[in-house]
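Each chain, letter by letter, is given below.
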Amino acid sequence: MLGNTIDFRRSLLRWYHTNRRDLPWRVAQKNPNSATPDSYKVLVSEAMLQQTQVATVIPYFNRFMASYPTLRDLARAKEQEILHLWQGLGYYSRARNLLGTAKILVEEKNGKIPASVEELVQLPGIGRYTAGAIASLAFEQRAPILDGNVIRVLSRLDLIRDDPKNPQTREKLWQRAEELLPQKRVGDFNSALMELGATICTPRAPKCLLCPVQKHCAALAAGLADQMPPPPARKIRPIERRWTLAIKNQNRWLIEQRPARGRWASMWQFITIEAEDKPPTAESLSQRIGLKLCDIQHLGALQHDLTHRRYQFEVLACRATVSKKPLPENRRWVGLDGLSDFPLPRPQLEVAQMISSIIRR
Ligand code: SF4
């Protein structure tokens with residue numbers, strides 16, 4: 001347990017004051033006490049930062065703000081535009097939820113982002129952590145936060161040996177995050193805890209010699225700093241095999257829009273179907289996708305790993321004889337240059353790169 005909470009807060013805040021990174025969603029370093037950050041910037045950045053590192057998020061955040069500088073601008077956006085800006089960042093439900101939140105707030109709350117955790121958690125995609133981050137960072141509400149960084153820092157400070165995924169351990173960590181909160185500078189305190197986890201109390205090789213709260217740390221005292229929290233049990237992730245068809249007719253390629261629900265919902269892809277155990281033939285593929293195909297060639301394979309599963313895409317090039325029937329609403333013929341008009345998930349962008357590098361040879 002921490003010895004002296006007041007000293008702990010003071011040491012952490014003093015360190016944060018001089019060591020914090022200037023990030024585009026924070027108030028500028030030169031005058032950090034002047035104001036709380038813009039709540040819209042906090043909302044967008046917190047959506048982007050879920051499961052994603054700061055360095056990856058920064059360019060996406062800047063492009064997003066340039067396109068949608070206010071909540072009202074965002075509320076007027078089309079889903080395809082948002083998905084396009086989000087392309088490559090992954091976890092696309094975050095983008096759809098952010099758009100849904102903006103629309104609700106403009107239609108029902110006169111464009112105001114609520115300050116309380118209770119109201120924030122009613123909005124799409126906003127859970128307890130994100131609500132706490134928005135309430136504390138943007139509105140100075142005394143709300144705790146618990147993201148991966150904070151879990152690691154608290155587990156080490158208090159030498160909590162239990163798996164933080166366990167609901168009781170998780171609740172204990174929430175309580176600890178709340179107990180530690182000061183009465184003032186709550187936003188800075190929460191940011192400081194996250195910043196400490198991101199830059200000093202890192203998952204591997206924590207920099208304990210540089211740590212502003214080392215004298216409060218039970219894991220350091222026990223010589224167990226880099227063993228806390230215990231690593232999660234390794235899960236076996238099933239491999240899902242897909243055939244992705246790079247179907248060409250003249251200089252255009254066939255793409256289709258994915259269904260409105262599920263993974264990569266409403267984004268676009270080269271025709272992708274479940275792989276079969278037997279090798280693909282022109283006849284079987286033609287039948288499955290409803291288009292006459294010929295000259296099947298194997299272009300290569302791609303692997304795409306997600307948290308709970310892995311995808312393996314076998315990319316097959318083929319030619320199509322376009323039937324006289326019009327294409328279904330969800331399919332288009334496009335040149336490779338025209339692909340940039342459509343939001344594509346990362347593995348499909350890699351398929352496009354594979355095709356264009358083969359064409360250039
Ligand atoms: Fe983390 Fe080391 Fe600081 Fe403890 S002393 S909080 S393990 S960096």
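How each quantity is defined
- Residues numbered from 1 in each chain as written.
- Predicted model: local features only at pLDDT ≥ 70, side-chain atom pairs only at ≥ 80, totals over all residues.
- Heavy atoms only, no water.
- 1 Å grid on protein atoms, 1.4 Å probe; cavity = no way out; pocket = protein on both sides within 12 Å on 5 of 7 lines; lining within 4 Å.
- Points joined across faces, edges and corners; volume = space filled by probe spheres on them.
- Helix = DSSP H or I, 4+ residues; strand = E, 2+ residues; numbered from the N terminus.
- Nonpolar A, V, L, I, M, F, W, Y, C, P; charged D, E, K, R; others polar.
- Near = heavy atom within 4 Å.
- Sits in = over half its atoms within 2 Å of the grid points.
- Axes fitted to C-alpha atoms, helices over the stretch in contact; angles between N-to-C directions.
- Parallel < 35°, antiparallel > 145°, perpendicular 65-115°, else oblique.
- Left-handed = near helix turned anticlockwise from the far one by under 90°.
- Contact = heavy atoms within 4.5 Å.
- Polar contact = N/O pair within 3.5 Å; in protein donor to acceptor, adjacent residues only side chain to side chain.
- Buried < 20%, exposed > 50% of the residue type's maximum accessible area, 1.4 Å probe, protein only.

J.: Is there a simple way to explain empty space enclosed by the protein in this structure?
T.: Gaps left between atoms are located by rolling a probe of water-molecule size over the structure's atoms. According to the stated counting rule, one finds one cavity of 30 Å³ or more in the structure shown. Around the largest cavity, the lining is made up of 14 residues, and of these R156, C201, C208, C211 and C217 lie nearest the centre. With three residues, helix 9 (residues 148-157) is the single largest residue contributor to the lining of the largest cavity. Classifying every residue of the lining of the largest cavity gives 12 nonpolar, one polar and one charged.

J.: Looking at this model, I keep getting lost on the site of the ligand. Mind explaining?
T.: Residues in close proximity to the ligand include R156, I200, C201, C208, C211, Q214, C217, L220 and A225, which together make up its full environment. Most atoms of the ligand, that is more than half of them, are within 2 Å of grid points of the largest cavity. Split into classes, the residues belonging to the shell around the ligand amount to seven nonpolar, one polar and one charged.

J.: Would you take a moment to explain the packing of helix 2 (residues 39-49) against helix 3 (residues 54-67) for this structure?
T.: Each pair of packed helices gets described by two things: the angle between the helix axes and the distance between those axes. Helix 3 packs onto helix 2 with a crossing angle of 135 degrees between their chain directions and a minimal axis gap of 10 Å. The angle between helix 2 and helix 3 falls in the class oblique. Considering only the axes of helix 2 and helix 3, their crossing is right-handed. Contact with helix 2, carried on its side by Y40, K41, V44, S45, M48 and L49, involves V54, V57, Y60, F61, F64 and M65 of helix 3 and no other residues of that element.

J.: Help me out: how do you make sense of the side chain of S266 in this one?
T.: Following the sequence through the fold, S266 ends up in the loop between strand 2 (252-257) and strand 3 (268-274). A distance of 3.3 Å separates the side chain of S266 from the side chain of E79, its partner in a polar contact. Not counting residues within four places of it along the chain, the set of residues in contact with S266 comprises E79, Q80, L83, Q257, R258, P259 and A260.

J.: Would you mind showing me how to read the environment of Q312 here?
T.: Here Q312 is to be found in strand 5 (residues 310-321). Residue classification places Q312 among the partly exposed positions, given a relative accessible area of 23%. It is 7.0 Å that separates the C-alpha atoms of Q312 and A301, two residues lying 11 residues apart in sequence. What Q312 contacts, discounting residues up to four positions off in sequence, is I239, E240, R241, R242 and L302.

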